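Remarks on the overall topology
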Amino acid sequence: MRTELVSEPGSPDRPNEDFASVGLPASGQGGSLVVLDGVTPPSGGTGCLHSVPWFTARLGGALTELTVSLPDVPLAEALHRAIARTSAAHAETCELSHPRTPQATVVLARWSPTVVEYLVLSDSALLVEAPDGAVTALLDDRLARLPRSALATDALVDSTLRNKEGGFFTAAADPAVAARAVTGVLPRDRVRALAALTDGATRWVEKFREGDWTDCFGLVRKEGARALVDRVRELERGDAGTRTFLGRGKTHDDATVAYAEL
């Protein structure tokens, strides 16, 4: 098995809010992949004493443990338990009902000798390569399908769309959100390799249109995860006017790529 992880902050002046791990059980059979993209809060506060990196480290650590140690527990249930555990760690000190309580997008994959399970929540991506080289992008596209007018301001998004029916969902304080994730199971013999990308890395496809998902996966396979992040940074430097979907200027975003050949 070959695995590769690259995670780079968008700015050296800010901590990386992403999380990535690959877990391999002691049995030597199977494994799991966890990628989180912490949601950068606006300046108005979150009702929480803790940072987004604190939250993604807690949630990511719990997911890494649960997906490896409880192989018979479905990924949605593992996410439910991990969110509940993380929420309990700061429920007594923080206002977890705040719409901007620390939160993250989630990509999970777990493989055994017979199946590959997956879960995607919000706008990170999981790419699956079949033995014949065909690449499938497993996405939660609810955010992408919303009209730009609905995303005009943070206040509008928080009051009408964030973790609400008809909007989009992230892993925050409510474990019930796990049931909203995109999930599925694939036969193990239909999967040769996986790549999980936060939206700082998917910019290569989704913003800069340098290629499609197959091209993106091919770049990671041939040149490595670092090569994709480096290409994105080059493109960002050439487009200093980049703005996020909420209208805030953000030339560089945290970018994470996790790759595993099964």
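All values derive from a computational prediction rather than experimental measurement.

Cut-off values and rules
Residues numbered from 1 in each chain as written. Predicted model: local features only at pLDDT ≥ 70, side-chain atom pairs only at ≥ 80, totals over all residues. Heavy atoms only, no water. Salt bridge = Lys/Arg side-chain N within 4 Å of Asp/Glu carboxyl O. Helix = DSSP H or I, 4+ residues; strand = E, 2+ residues; numbered from the N terminus. Buried < 20%, exposed > 50% of the residue type's maximum accessible area, 1.4 Å probe, protein only. Contact = heavy atoms within 4.5 Å. Axes fitted to C-alpha atoms, helices over the stretch in contact; angles between N-to-C directions. Parallel < 35°, antiparallel > 145°, perpendicular 65-115°, else oblique. Nonpolar A, V, L, I, M, F, W, Y, C, P; charged D, E, K, R; others polar. Pairing = 2+ DSSP bridges. 1 Å grid on protein atoms, 1.4 Å probe; cavity = no way out; pocket = protein on both sides within 12 Å on 5 of 7 lines; lining within 4 Å. Points joined across faces, edges and corners; volume = space filled by probe spheres on them. Lys, Arg positive; Asp, Glu negative; His and termini not counted. Polar contact = N/O pair within 3.5 Å; in protein donor to acceptor, adjacent residues only side chain to side chain. Phe/Tyr/Trp six-rings, centres within 6.5 Å; stacked < 30°, edge-to-face > 60°. Lys NZ or Arg CZ within 6 Å of the ring centre and 35° of its normal. Disulfide = S-S within 2.5 Å.

1. As for the pattern of salt bridges
Tallied over the full model, the rule gives 22 salt bridges. Close ionic contact of arginine 221 with glutamate 129 constitutes a salt bridge, the shortest N to O distance being 2.5 Å. On the criterion of sequence distance, the pair formed by arginine 221 in helix H5 (residues 213-223) and glutamate 129 in strand S6 (residues 125-129) is long-range, its members being 92 residues apart. Of the residues examined, glutamate 129 reaches a relative accessible area of 5% and is grouped as buried. In this structure, arginine 203 and glutamate 236 form a salt bridge, with 2.6 Å as the shortest nitrogen-oxygen distance. With arginine 203 in helix H4 (residues 199-206) and glutamate 236 in helix H6 (residues 225-237), this pair connects stretches of sequence that are 33 residues apart. With relative accessibility at 0%, the residue glutamate 236 sits in the buried group.

2. Notes on the environment of leucine 228
When you line up the elements, leucine 228 lands in helix H6. Distance from leucine 228 to arginine 203, taken between C-alpha atoms, is 10.0 Å for residues 25 residues apart in sequence. With sequence-adjacent residues up to four places away left out, leucine 228 is seen in contact with Leu197, Ala201, Trp204, Cys216, Leu219, Val220 and Val257.

3. Some words on the packing of H4 against H6
Two elements in contact, H4 and H6, have axes whose closest approach is 9 Å; the angle formed by their N-to-C orientations is 70°. Considered as vectors, H4 and H6 are oriented roughly perpendicular to each other. Across from Gly200, Ala201, Arg203 and Trp204 in H4, the residues of H6 making contact are Leu228, Arg231, Val232, Leu235 and Glu236. Looking at the contact of H4 with H6 residue by residue, the classes come out as 5 nonpolar, 1 polar and 3 charged.

4. What about the sheet that holds strand S3 (residues 31-38)?
Across the sheet, 5 strands lie side by side as S2-S3-S4-S5-S8; this open sheet has antiparallel pairing. Across the chains shown, the open sheet's two edge strands, defined by having one partner strand only, are strand S2 (18-23) and strand S8 (182-187). Direction aside, neighbouring strands of the sheet carry axes that sit 5° apart on average. Note: strand S4 (residues 104-111) against strand S5 (residues 115-121), 6 bridges, orientation antiparallel.

5. A few points about the layout of surface pockets
Computed from the structure, the second largest pocket encloses a volume of approximately 280 Å³. In this structure, the second largest pocket is lined by 17 residues; those nearest its centre are Arg162, Asn163, Ala172, Ala173 and Asp174.

6. Quick notes on the side chain of aspartate 18
Along the chain, aspartate 18 falls in strand S2. The side chain of aspartate 18 sits in the buried core without any salt bridge; arginine 233 is the nearest counter-charge, 7.5 Å away. At 3.2 Å, the side chain of aspartate 18 forms a polar contact with the side chain of threonine 198. The contacts of aspartate 18, once residues within four sequence positions are left out, are Ser7, Leu36, Asp37, Gly38, Thr56, Thr198, Asp254, Ala255 and Thr256.

7. Examining the packing of aromatic side chains
This structure, assessed with the given rule, holds 1 aromatic pair. Directly above the aromatic system of phenylalanine 208 lies the positively charged group of lysine 207, at a separation of 5.7 Å from the ring centroid.

8. A look at the state of the cysteines
Within this structure, the stated rule accounts for 0 disulfides. For the unlinked cysteine cysteine 48, the closest cysteine sulfur is that of cysteine 94, found at 3.4 Å. Judged by its relative accessible area of 15%, cysteine 48 falls in the buried class.

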